Amino acid sequence: MGGGVSYHERTAYRRGGLGGGFLDWNTRPEIFKTYQGLPTVVLPELDDLQRVSRPFFKMLWEPVRSVPDRLDLKTLSRMLTLTYGITAQSGRGADAFFFRSVPSAGALYPCELYVAVQGIVDLEDGLYHYDLARYGLVRLRSGRFLSSKARWAAAFFVTTLFFRSSWKYRDRAYRYCLLDAGHLVENALLVLHSDGIKACVWDRFQDKELNAFLGVDSQREVCVAVIAFSHEVSAEEAETTGFVSEEFRLLEKSHTWDLVQPEACRLSVSDKVPSSILEAHRATESMEASGTAKADEPHEAAKAQGDQEKTRKIPRPKVVPESLSFEESVWRRRSQRNYVSAHVSRQIWQTLWHSLHLDKALCDGVEIFIACGEAEDLPAGLYAWKAASQEARTIFSGDFRRASAHACLDQGWLRHALFHVAYVVDWKRVFGTHGPRGYRSALLDAGRLGQRLYLASTALGMGCCGIGAYYDDELRTVFRLGSGWDVVYLTASGPVKKLRS
Ligand SMILES: Cc1cc2nc3c(=O)[nH]c(=O)nc-3n(C[C@H](O)[C@H](O)[C@H](O)COP(=O)(O)O)c2cc1C
């Protein structure tokens, strides 16, 4: 199977095998990327970020297509701030820490965001880096780089700086870089969706060409996903998950791009990226599928043999529950760990479960398993959930949350979270259909689903927390997965004592 799986196996946590490790504070990575002396456009002040607009679930399921005729700097600024802006601060002065609109393993924020724009009012055509600390756009290149003929067009590029995460998580960090990037990708797509814009998303491109265009030092920073949108994206275009959307292909394919201040990618005096990460990234470059898993092949996690397998249809509730608006949900989202046992109505959990669906998955190999406590019309159990077909398959009845919390490095608070949502992957299917590159797609999709759960939970007044720290084999056993299957991420969700505002 693909190089991604051997990386995944090699970076599995095993009980007794963690060995403590230590953090070298002398090599602590810079948390914000800084370019020196390049022209910077200060983003306009925004006053309506938390505007109370439509409830989150109406935004999600009853979209209004309202592509603006003109896209101005203020609108772009709002998009960027909601996508990856600073939403909270703890401490002051030298101790200040800034939280963002998306979660990040260990709050290390390995991702950076770039945007190529053309035809935007008040902004010169070009490629920019989103400098979220200084609230500006740093111009890296001037000109039109997208082949789109639309009145205006833009593309977001999500990159990851390996060392930000590997400083703490060592070899396992590549997983977190991709999961974090998935959160960011989905947040961006939801921001655009909330503005009535249909965007294309893809993670299949020529690494070398794209990293060169972004001007980054690809031994340290790499692009993992692109999101593009324009005044007129044809429906067909927006549905494409193909190689690279023609409309947004970089104009000057054969151009040799200069690096842009590669030293900006240096994060500390010693920022050596583990070779296992660079190798895993290279090994997942190929997009050639092995073809061993045909599209019509059953891909159920059928190896998860249950004692009482039965499938139940759970349609999406007709009435959308009272909820925060999308903007409020993004702004208030935080990782919560103070779970309590509390009653949850059928409408609430069904709404939550239905939010676990990607409109355009990067790969179709990520499945959702849920270990839950009891809720209205929902016995405690282990379920396989498919929002697309509205099917919940009971694998086992009983409460598996204690076992799951135990497998998650004994993070004891987890056992009180009503839902443990595991993102599980059938590697054979992923590589058969998507080639080694499928490893990246699967982890990106898992992060994307996690972001939806975070926001949906927040909108419903519940808590959520991503869990990347777990003993891989133990969690696989808890979720009854057969060989060739893995849990790649888990998010906990449920009622909490009180939401911080
Ligand atoms: C991929 C990923 C893995 C995470 N793993 C854990 C975890 O194992 N335990 C935990 O308590 N929090 C975990 N978190 C939550 C982060 O600690 C949290 O996002 C970060 O501290 C920033 O805080 P915020 O989410 O409140 O903005 C994870 C988050 C992500 C995105």
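Novice: Which parts of the structure should I look at to understand the overall build of the protein chain?
Specialist: Within the protein chain, the regular secondary structure consists of 14 helices and 16 strands. In terms of overall size, the protein chain behaves like a compact globule, its C-alpha atoms giving a radius of gyration of 22 Å where 501 residues would be expected to give roughly 23 Å. Considered along the principal axes of its C-alpha atoms, the protein chain spans approximately 60 × 55 × 50 Å. By the burial criterion, 51% of the 501 residues in the protein chain qualify as buried.

Novice: Looking at this structure, I do not really get the site of the ligand. What am I missing?
Specialist: Surveying the vicinity of the ligand reveals 19 residues, the closest of which are Pro-103, Ser-335, Gly-466, Gly-468 and Ala-469. Elements supplying a minimum of two residues to the shell around the ligand: helix H5 (173-194) and strand E15 (463-467). Per element, the largest residue contribution to the shell around the ligand is four residues, and it comes from H5. Both domains that meet at the shell around the ligand, namely domain 1 (63-283) and domain 2 (302-494), each give it at least three residues.

Novice: Looking at this structure, how should I read helix H6 (residues 207-214)?
Specialist: Residues spaced three or four apart along an α-helix face the same direction, because each turn holds 3.6 residues. Burial in H6 covers these residues: Leu-210, Asn-211, Phe-213 and Leu-214. For H6, the buried positions fall inside an angular range of 160° around the axis, keeping them on one side. If you follow the buried residues of H6, they end up packed against strand E4 (111-118), strand E7 (153-161) and strand E9 (221-230).

Novice: Would you take a moment to explain the sheet that holds strand E12 (residues 381-386) for this structure?
Specialist: What holds strands together in a sheet is hydrogen bonding between their backbones, with the strands either parallel or antiparallel. Judged by pairing direction, the sheet is antiparallel, and its seven strands sit side by side in the order E10-E13-E12-E11-E14-E16-E15 without closing on themselves. Whereas interior strands pair on both sides, the edge strands pair on one side only; in this sheet they are strand E10 (310-313) and E15. In this sheet, adjacent strand axes meet at a mean angle of 25° when their direction is disregarded. Summarising the sheet, E15 and strand E16 (residues 485-494) pair through five bridges and their orientation is antiparallel. Across the sheet, Gly-466 pairs through a bridge with Thr-491, a residue of E16. Strands strand E11 (366-372), strand E14 (419-426), E15 and E16 of the sheet are contacted by helix H13 (residues 438-459), whose axis makes an angle of about 10° with E16.

Novice: Would you mind showing me how to read unusual backbone geometry here?
Specialist: The phi torsion of most residues other than glycine is negative, and most of the peptide bonds are trans. One non-glycine residue with positive phi stands out, namely Gln-261, at about 40°. With respect to the helices and strands, the residue Gln-261 is situated in the loop between helix H7 (235-239) and helix H8 (275-283). Accessibility expressed as a C-beta count within 10 Å gives 20 for Gln-261, which makes it buried. Positive phi outside glycine occurs at Asp-377, with the angle close to 60°.

Novice: How do you make sense of the environment of Phe-157 when you look at a structure like this?
Specialist: On the secondary structure map, Phe-157 appears in strand E7. Using a count of 24 C-beta atoms within 10 Å as the deciding quantity, one classes Phe-157 as buried. Sequence spacing of Phe-157 and Leu-210 is 53 residues, and the spatial spacing of their C-alpha atoms is 9.2 Å. Apart from the residues lying within four places of it in its own chain, the contact partners of Phe-157 are Tyr-114, Leu-214, Cys-223 and Val-226.

Novice: Whenever I open this one, the sheet that holds strand E6 (residues 136-142) confuses me. Can you help?
Specialist: With antiparallel pairing, the seven strands of this open sheet are ordered in space as E1-E6-E5-E4-E7-E9-E8. For this open sheet the edge positions go to strand E1 (40-42) and strand E8 (200-202), each flanked by a neighbour on one side alone. Neighbour to neighbour, the strand axes of the sheet diverge by 25° on average, direction disregarded. Relative to E9, E8 runs antiparallel, the two being bridged by three bridges. Looking at E9, one finds that Val-201 is bridged to Ile-227. Contacting E4, E7, E8 and E9, H5 runs over the sheet at an angle of about 10° to E9. H6 contacts E4, E7 and E9 of the sheet and is inclined by roughly 80° relative to E9.

Novice: Could you clarify how one ought to interpret the domain arrangement of the protein chain in this entry?
Specialist: One frequent convention defines the size of an interface as the accessible area lost when the parts assemble. When cut into domains, the protein chain gives domain 1 (63-283) and domain 2 (302-494). Counting residues at the interface gives 26 residues for domain 1 and 26 residues for domain 2. Looking at the side of domain 1 that touches domain 2, the elements with two or more residues in it are H5 and E9. Here the side of domain 1 that touches domain 2 gets 13 residues from one element, more than from any other, and that element is H5. When grouped by side-chain class, the residues that make up the side of domain 1 that touches domain 2 number 14 nonpolar, seven polar and five charged.

Novice: Is there a simple way to explain the packing of helix H4 (residues 162-169) against H5 in this structure?
Specialist: To describe two helices that pack against each other, one gives the angle between their axes and the distance between the axes. Running from N to C, H4 and H5 point in directions that differ by 135°, and their axes come no closer than 8 Å. One finds that H4 runs oblique with respect to H5. Here H4 and H5 pass one another in a crossing that is right-handed. Contact residues: H4 offers Phe-162, Ser-165, Ser-166 and Tyr-169, while H5 offers Ala-173, Tyr-176 and Cys-177. Each residue belonging to the contact of H4 with H5 can be placed in one class, and the counts come to five nonpolar, two polar and no charged.

Novice: I tried to follow the pairing of E4 on my own but got confused; where do I start?
Specialist: Walk down a regular strand and you will see the side chains alternate between the two sheet faces. Along E4, eight of the eight residues are buried, which leaves the element largely enclosed by surrounding structure. Residue alternation in E4 divides its side chains into two sets, Cys-111, Leu-113, Val-115 and Val-117 and Glu-112, Tyr-114, Ala-116 and Gln-118, and both sets are buried. As paired elements, E4 and E7 share eight bridges and run antiparallel to each other. Bridge pairing links Val-117 to Ala-154 in E7.

Each value, and the rule that gives it
Residues numbered from 1 in each chain as written. Predicted model: local features only at pLDDT ≥ 70, side-chain atom pairs only at ≥ 80, totals over all residues. Helix = DSSP H or I, 4+ residues; strand = E, 2+ residues; numbered from the N terminus. Rg over C-alpha atoms; globule rule 2.2 N^0.38 Å. Buried ≥ 20, exposed ≤ 12 C-beta atoms within 10 Å, placed from the backbone. Near = placed C-beta within 6 Å. Domains from an automatic or database assignment. Arc of directions from axis to C-beta. Contact = placed C-beta atoms within 7 Å. Pairing = 2+ DSSP bridges. Axes fitted to C-alpha atoms, helices over the stretch in contact; angles between N-to-C directions. Nonpolar A, V, L, I, M, F, W, Y, C, P; charged D, E, K, R; others polar. Parallel < 35°, antiparallel > 145°, perpendicular 65-115°, else oblique. Left-handed = near helix turned anticlockwise from the far one by under 90°.

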